[in-house]
Amino acid sequence: HAGISGLEDDYHSLGTGKKADRGLAMRMIFLLQMIVGILGNFSLLCHYLLLHLTECRARSTDLILKHMIVANLLVIFSKGIPQTMVDLDVKYSLSDFECKLVFYVHKVGRDVAIGTICLLTVFQVVMISPVDSRWSGLKAKSLKYMGISNILCWVLNMMLNIMVLFVMGSKRDNTNITRKRDYGYCYSITGGYIAQSLYIAAVLFHDGFCLGLMIWASGSMVFILHRHKQRVQYILRNNLSARPSPETRATESILVLVSTFVSLWVLSSFLHICSVLFNNPSLWLRNTSALITACFPTVSPYILMSYDSRVSTLSFPWK
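As the structure is a computational prediction, the values presented were derived from the model and not from experiment.

### A look at empty space enclosed by the protein
The rolling of a water-molecule-sized probe over the atoms marks out the regions of remaining empty space.
Stage number 1. What the rule picks out here adds up to 3 cavities of 30 Å³ or more.
Stage number 2. Estimated volume of the largest cavity: approximately 170 Å³.
Stage number 3. Surrounding the largest cavity, V75, R110, A113, I114, F261, L264, W265, S268, I292, T293, F296 and P297 form its lining.
Stage number 4. Counting residues per element, the ones that place at least two in the lining of the largest cavity are α3 (96–127), α9 (246–277), α10 (283–293) and α11 (295–307).
Stage number 5. Here the lining of the largest cavity gets 4 residues from one element, more than from any other, and that element is α9.
Stage number 6. Across the lining of the largest cavity, the residue classes break down as 9 nonpolar, 2 polar and 1 charged.

Here's what the structure looks like:
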């Protein structure tokens, strides 16, 4: 009996040790992702600030990218910091106001990031369209209304996500609520099957509409670039040192950005739907969903920097 008991204790301690190792690895991944994301977005923001101070010629898409960087930082701070606190076992529970604010900021930041990428792709396809195309007349108008479009994107998403303030609550609250979902540091009140289905449908419609525009604009950009490459092919044959134009590099960066976003969005939406359908999702599902959600805000500034020839050694010393 003593031998069996000892074996059970060893097996239990071995399982506990593996779980602790996995927990430590997940904590380090979250912490590293947050540091890399904050560093990349702040570096890109400093790059644009330096261009403004030195009065360098700005690209037409820089304004949209600045709004996207702000949205990225909101997503990283609102999701990364609370999640890292939970993973590091920091004994602090957010208040009711803090829970509502954190989730509201995260939802607005996420939706604004989607909206700005959608604006970016549509605006870019208008700007690179040939002179004889039907989009050429919209170039001057798009420049004129770009700032208003970004502000409208923020205002609309702030209004659409106002319901988040009514369903989030603090774990300090001892109110007995049967239908709630635990996020480790806050909880959300879950409705019935119909309410959850309507919520999923609304999210998919909002995101699907933006993704549809992105895919259409991306396909149009690929078509325009292909036609442009065919027209100037004889120039490239005669000039071996010919390099892609800034417009072409900017378009390529947007295409890579959209491809990365769509791939991560599909995976994130699948995990998010799974977490909504399960009243008490597992710790692995919550951690993986949070990790994938913060992936695009983390990697997007590095994609933009790799395609931006204006990146200077003053802004990025490690280059």
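That was the structure; now back to the text.
### A few points about the UniProt feature "transmembrane region" (unreviewed entry) in the protein chain
Stage number 1. Mapped onto this structure's residue numbering, the UniProt feature "transmembrane region" (unreviewed entry) falls at residues 28–51, 112–131, 151–169, 254–278 and 284–304.
Stage number 2. Taken end to end, residues 112–131 comprises 80% helix and 0% strand; its first and last C-alpha atoms sit 31 Å apart.
Stage number 3. Between the end C-alpha atoms of residues 284–304 there is a gap of 31 Å, over a span that is 95% helix and 0% strand.

### Quick look at the packing of α10 against α11
Stage number 1. With their axes 4 Å apart at the nearest point, α10 and α11 run at an angle of 25° to one another. Judged by the inter-axis angle, α10 sits roughly parallel to α11. Contacts between α10 and α11 involve L291, I292 and T293 from the former and C295, F296 and P297 from the latter.
Stage number 2. The residue makeup of the contact of α10 with α11, split by class, is 5 nonpolar, 1 polar and no charged.

### Re the environment of L211
Stage number 1. Here L211 shows up in helix α7 (residues 193–231).
Stage number 2. Distance from L211 to G115, taken between C-alpha atoms, is 9.3 Å for residues 96 residues apart in sequence.
Stage number 3. When residues no more than four places from it in sequence are discounted, the contact partners of L211 are F261, V262 and W265.

### Observations regarding the environment of T116
Stage number 1. For T116, the position within the fold is in helix α3.
Stage number 2. Sequence separation between T116 and N150 is 34 residues, and the spatial gap between their C-alpha atoms is 7.1 Å.
Stage number 3. Non-local contacts of T116, meaning those with residues more than four positions away in its chain, are made with I64, H67, M68, N150 and C153.

### Let's talk about the side chain of T61
Stage number 1. Residue placement: T61 occurs in the loop between α1 (2–53) and α2 (62–87).
Stage number 2. With relative accessibility at 6%, the residue T61 sits in the buried group.
Stage number 3. The residues touching T61, leaving out its near neighbours within four places in the chain, are L120, F123 and Q124.

### Regarding a nonpolar patch on the surface
Stage number 1. On the surface, a cluster of nonpolar side chains totalling about 230 Å² of accessible area is made up of F42, F77 and I81.
Stage number 2. When you line up the elements, F42 lands in helix α1.
Stage number 3. Using a relative accessible area of 37% as the deciding quantity, one classes F42 as partly exposed.

### So, the layout of surface pockets
Stage number 1. Here the second largest pocket defines a volume of roughly 660 Å³.
Stage number 2. Around the second largest pocket sit 29 residues that line it, and G115, C118, L119, S149 and L213 are the ones nearest its centre.
Stage number 3. Elements supplying a minimum of two residues to the lining of the second largest pocket: α3, α5 (146–160) and α7.

### Here's the deal with the state of the cysteines
Stage number 1. With the rule as written, the count across this model stands at 0 disulfides.
Stage number 2. Of all cysteine sulfurs in the structure, the one in C210 sits closest to C153, which takes part in no disulfide; the separation is 7.5 Å.
Stage number 3. The class for C153 is buried, based on a relative accessible area of 10%.
Stage number 4. Here C210 stays free of any disulfide, with the sulfur of C118 as its closest cysteine sulfur at 4.7 Å.

### Focus on the packing of α3 against α5
Between two packed helices, both the angle of their axes relative to each other and the distance between the axes serve to describe the pair.
Stage number 1. Direction vectors running N to C along α3 and α5 enclose 150°, while the axes themselves pass 9 Å from each other. Relative to α5, the element α3 lies roughly antiparallel. The chirality of how α3 crosses α5 is right-handed. Counted together, Y104, V108, D111, V112, G115, T116, L119 and F123 of α3 and M146, S149, N150, C153, W154, N157 and M158 of α5 form the full contact between these two elements.

### With respect to the packing of aromatic side chains
Stage number 1. In total, this model carries 1 aromatic pair according to the counting rule given.
Stage number 2. Their ring planes at 75° and their centres at 5.1 Å tell us that F261 and F296 sit as a pair that is edge-to-face. Of this pair, F261 sits in helix α9 while F296 sits in helix α11, and the two are 35 residues apart along the sequence.

The rules behind these values
Residues numbered from 1 in each chain as written. Predicted model: local features only at pLDDT ≥ 70, side-chain atom pairs only at ≥ 80, totals over all residues. Heavy atoms only, no water. 1 Å grid on protein atoms, 1.4 Å probe; cavity = no way out; pocket = protein on both sides within 12 Å on 5 of 7 lines; lining within 4 Å. Points joined across faces, edges and corners; volume = space filled by probe spheres on them. Helix = DSSP H or I, 4+ residues; strand = E, 2+ residues; numbered from the N terminus. Nonpolar A, V, L, I, M, F, W, Y, C, P; charged D, E, K, R; others polar. UniProt positions renumbered as here; feature names shortened; annotations may be inferred. Axes fitted to C-alpha atoms, helices over the stretch in contact; angles between N-to-C directions. Parallel < 35°, antiparallel > 145°, perpendicular 65-115°, else oblique. Contact = heavy atoms within 4.5 Å. Buried < 20%, exposed > 50% of the residue type's maximum accessible area, 1.4 Å probe, protein only. Patch = residues over 30% accessible without salt bridge, like charges linked within 9 Å, V, L, I, M, F, W, Y side chains within 5 Å. Areas by Shrake-Rupley, 256 points an atom, 1.4 Å probe, with all protein chains shown as cover. Salt bridge = Lys/Arg side-chain N within 4 Å of Asp/Glu carboxyl O. Disulfide = S-S within 2.5 Å. Left-handed = near helix turned anticlockwise from the far one by under 90°. Phe/Tyr/Trp six-rings, centres within 6.5 Å; stacked < 30°, edge-to-face > 60°.

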